[in-house]
Amino acid sequence: MIPSHYSPEEARGIWLYLEQEDGRLLPVARELLGKGRQLADSLGVPLTGLVAGKSVAHLAAEAIADGADEVIVAEHPLLEPYTTDTHTKAVTEAVLGGKPDILLIGATTNGRDLAGRLAVRLRTGLTADCTDMTLDPGTGLLLGQVVGFGGGVVASIKCERHRPQMATVRPGVFPLPVASPSRRGGVKQLPVTLSEQDLRIKVLERESRRGAGITSAELLVIGGRGTRGDFSLLRQLADALGAEVGATRVAVDNGWADHEQQVGQTGFITRPKLAIVLGASGALQFTVGIADAETVVAVNADEEAPVFEAADYYSVDDLFQLLPPLIREIQSNRGKALVGQR
Amino acid sequence: MGEDDEPLTLDDALWDRIVQITSGAAAACYQCGACTAVCPWGLVRSESINVRKLMRRSQLGLQGGNGAADPWLCTTCGYCKALCPRGVDIPGVIHSLRREAWRQNAVPKGLRSLLWDVHWDGNPWGQPPSQRFAWARGLDLETFGPNHDLLFYAGCSASYDRRLQKVARALVAILRAAGVRFGVLGEAEPCCGEGVLAVGNDEYLEEIVAANTRLFREIGARKVMTVSPHCFDIFSSHYTVGEEFRPVHYTQFLAELVSGGRLPPLAIDPLVVTYQDPCYLGRKHDIYEQPRSVLQAVDGLELREMDNNREQGLCCGGGGGRMWMETPAQERFALLRVKKAAATGAQVLATACPACLACLDDGLKVAGEESMRVMDIAEIVEMGLVPALEPVAQGAMR
Amino acid sequence: MNRSLHTIVCLKVVPKPEEVRIDPESLTLDRAHARSEINPSDMNALESALALKDRYGGTISLLAMGPTLFEPFLRVALAMGADCAYLLSDRAFGGADTLATSYTLAAGIRKIGPFDLVLCGEESSDGATGQVPPGIAEWLGVTQVTYATELSLLSGRWWLRARRDFSSGHEIVTTPLPAVVSLRSRCNEPRFMDMDRRAWARTGSVTVWSAQDLDVDPEMIGLSGSATVVAGTQEASKRDRRREALKGSIDERAHALAEIIRPYIDGQRAAAQQF
């Protein structure tokens, strides 16, 4: 094997690439800070955040409050918006200078875009989309837990002789840290030399959307005939979860939802992490639309409803009876989780 | 007059091809328009779809267009052919146009995926092949062998659709009650290919038929009983396995059992039933009386006929690959059909086809019809076997 | 431009996810009894290539790294409309992580010759890393566009215009060719095989290259070239749905449901929708 650019002996510290957009840290960046702090404490090494963009110095204080000991700030107009080449260059320079032991990146589309290229440039190992991370008790090596084969297999991956040990981390797995504004830390400006030549990708247009659309939704609340046309509780549930709202064919036929929201054979095939199906009986033509969902929860008043066969968890209930207490509890949980948020 | 916007430019090569693949079937058409008048699409839309024009365009070697009926709407119900004064095989012409569309990769959304699902998963629903036999969990069925008189071919819909699995299980109960020695193919049961045929990819169908023919010959399949009339139809019309290969639809087989006295007496609490003639049993194969004789063998069952029965049967809308295409609610034939069924005062709308069952069930939902439910003949007969068997909870059908 | 568009599509043959088991004794993956298919998003990549060929002409070469059992699957792809196929097959390639895999595929691409586009699926259904396309781009020193949903070429110049997804939305980017692109799963509906072509595809050209045929450093391929190793595997929760009924009073059921839902909620997600 060809070695990486520096050896394990030279490597020290945990670094986090903190993805930001329009001057705000992405949620996954904060999740990394929380988990990173824990790992850094276990290893007794510093936790360093790396932020790149046009004007991002103000994010250093936030990162420190969330647990970073030091923040490296890379600022340049060509670093905004994110494109592969400029960020790969900046991060490579920083890493070769600082020689971290571990480098973690949030597994967003851009995070994975960056990490895949970076790992080859750095000649190191990369573990993708970790759903958990631990440290090997003997060696202190990072163990990344990943899910493969459509969720059927869980594997533990390590990177023994190459540095930095890289991993991308699935968003939403680790909890948000509780910010401590009184924490102290250092800020370093990384000198960035970039020119138009370094930029091969030109971003012509960028559109952030409010709703994900059901086909890319990670959380989906789906209503069927049992809603009897009243989707208001479903929308409340969806809002509480940050989920999209889908519908069965019957619901769309009756005008209770748009065709854009139709889940199923003649509608859309969805692939959410969680699908909550309310008041739908679950004909085959519908269930093919959620067959790839990681977890399916079904609620239907009919105990013989076929949808229960396609569910991981189910409740024989009238959704109008079950939803109010459910929504209350979720809202209350959410309130508790947001306590630490700025 | 003034119908066509511009002079037609005819492509000789395309004309040759259309004539060839339709076997010149459109040639006999003398443009009387009867097909357009009887096509069920005219019942659900403000205007009939112009089937006559589609035949005219085919005569000219054109693939439709300019107001001609969309060939992808056809459910292959066959009503047009039945009433055509010249016996033009209109569904056949339409099928050939679909076949040509595949060569041009110009087919509606969802149909390519249908074929890929058949190719990778062995069923048109994209369901895991390893789950094909899950419907038979706990039934202890035997793999078909030389000691069996019957091969029970469940088919993809009954294997995977939760609602239809009940039909398959009902048939198992009935066959056992009659002491029939039957076997199944289990997870190795192949897709018959009817979905592929329905959407017009004859070339791919050839591959499927060849592989399945080899299998049926290897295992020595003789009498094969299907759940779906579509599977029955394709086995009868498109498979040449051998002299002894005899596909039957389950209603034919049950009719044999009934007339042969091989079933215990069938009795249910009084129930008014009406019957939907599936196009692929009725118009396609003239199987009208056997399903009725089975129903009438159930004591307590009163059979009432709907308007438009037998040769005049109204299609449920599911044939011709329409199960994989979207139809707006107000345009579904089944909506009309369930209203006709309800008009008989029947409590149960019986049928003998998975597509009919799914479409009519959907029709009841859309119509908001709570007084009636759809059941398959097999389920009714199984009910009639009670208390000889484990009871099927009456009224527990969805 | 005189030269015609040459697109290389990387394919992987994967076991059907629901059929993969962990061998309880060796604790390694047992794929032997699983049926296989072409990785679904690679089918989308191939369809993108075919659509570009329909529009702009040119040729499509398929490239895969794996055992000879991949061959019939490459022939399916040829029947869809690709022109030729290359299979990198050698025991020495085995056990590769994404670093070694992307290195090997890049070497295969160099051997195939000049190209305008390399298209891949966004990730494979087995490993699901999504790391190979950016890796290939880096080894080849060319630009990359990941998670693309629509592609077109800017006429007159050899530039790619792509619509791509990112976490909170989508963007339109342009980049000069040659480029490596990964296609989002389900971004299109792959055309079915052309049955006229099927017969040709059965005997058509599939070139098999071993490690010796490629210009590769043996230290960089297969297990030797891998920087990551699998420390352990286990079967996750049953692929079959759990079908677990919630019990108790209605409040207890609501509570149980809230607990099931809790790990899926990202508390910040609602706030993030301000982006």
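Residues numbered from 1 in each chain as written. Chains lettered and ligands numbered in written order. Predicted model: local features only at pLDDT ≥ 70, side-chain atom pairs only at ≥ 80, totals over all residues.

Would you mind showing me how to read the overall build of chain B here?
Scanning chain B from terminus to terminus reveals 18 helices and eight strands. Relative to a compact globule of 398 residues, whose C-alpha radius of gyration would be 21 Å, chain B shows 22 Å and is just as compact. Dimensions of chain B, computed from C-alpha atoms along their principal axes, come out at roughly 70 × 50 × 35 Å. Taking all 398 residues of chain B together, 53% fall into the buried category. The contacts in chain B between residues at least 6 apart in sequence include a share of 74% that link residues at least 24 apart. (Helix = DSSP H or I, 4+ residues; strand = E, 2+ residues; numbered from the N terminus. Rg over C-alpha atoms; globule rule 2.2 N^0.38 Å. Buried ≥ 20, exposed ≤ 12 C-beta atoms within 10 Å, placed from the backbone. Contact = placed C-beta atoms within 7 Å.)

Mind showing me how you'd approach the sheet that holds strand β6 (residues 59–65) of chain C here?
Two orientations exist for strands paired in a sheet by backbone hydrogen bonds: parallel and antiparallel. Taken in spatial order, the ten strands line up as β13(A)-β11(C)-β10(C)-β9(C)-β12(C)-β8(C)-β1(C)-β6(C)-β7(C)-β13(C) in an open sheet, and their pairing is mixed. The sheet is open, and its two borders are formed by β13 (202–208) of chain A together with β13 (206–209) of chain C, each paired with just one other strand. The sheet shows a mean angle of 30 degrees between the axes of neighbouring strands, taken without regard to direction. As paired strands, strand β9 (residues 143–154) of chain C and strand β10 (residues 159–166) of chain C are joined by six bridges and run antiparallel to one another. Residue pairing for β10(C): C:L153 is matched across the bridge by C:L160. Packing against the sheet, helix α2 (residues 71–80) of chain C makes contact with β6, β7 (84–88) and β13 of chain C, and its axis sits at approximately 155 degrees to β7(C). (Pairing = 2+ DSSP bridges. Axes fitted to C-alpha atoms, helices over the stretch in contact; angles between N-to-C directions.)

Can you walk me through the interface of chain C and chain B in this structure?
Accessible area lost upon the coming together of the parts is a frequently used measure of interface size. Counting residues at the interface gives ten residues for chain C, matched by twelve residues for chain B. The residue makeup of the side of chain C that touches chain B, split by class, is three nonpolar, no polar and seven charged. (Nonpolar A, V, L, I, M, F, W, Y, C, P; charged D, E, K, R; others polar.)

Where do I start with the confidence of the model for chain B in this structure?
Should pLDDT be low for a region, the predicted coordinates there are not to be read in detail. When pLDDT is averaged along chain B, the result is 92; 95% of the residues meet or exceed 70. Confidence drops under pLDDT 50 across residues 388–398 of chain B; counting only partners more than four residues distant or on other chains, this segment forms 16 contacts. (pLDDT = per-residue confidence, 0-100.)

Mind showing me how you'd approach the domain arrangement of chain B here?
All names here are of chain B. Entries for chain B in the domain assignment read domain 1 (12–103), domain 2 (111–255) and domain 3 (263–385). Taken over C-alpha atoms, the centre of domain 1 sits 28 Å from the centre of domain 3. In this complex, domain 1 contributes twelve residues to the contact, which on the side of domain 3 involves 16 residues. Taken together, the elements giving at least two residues each to the side of domain 1 that touches domain 3 come down to α3 (41–44) and α5 (79–83). Residues of the side of domain 1 that touches domain 3, tallied by class, amount to eight nonpolar, three polar and one charged. (Domains from an automatic or database assignment.)

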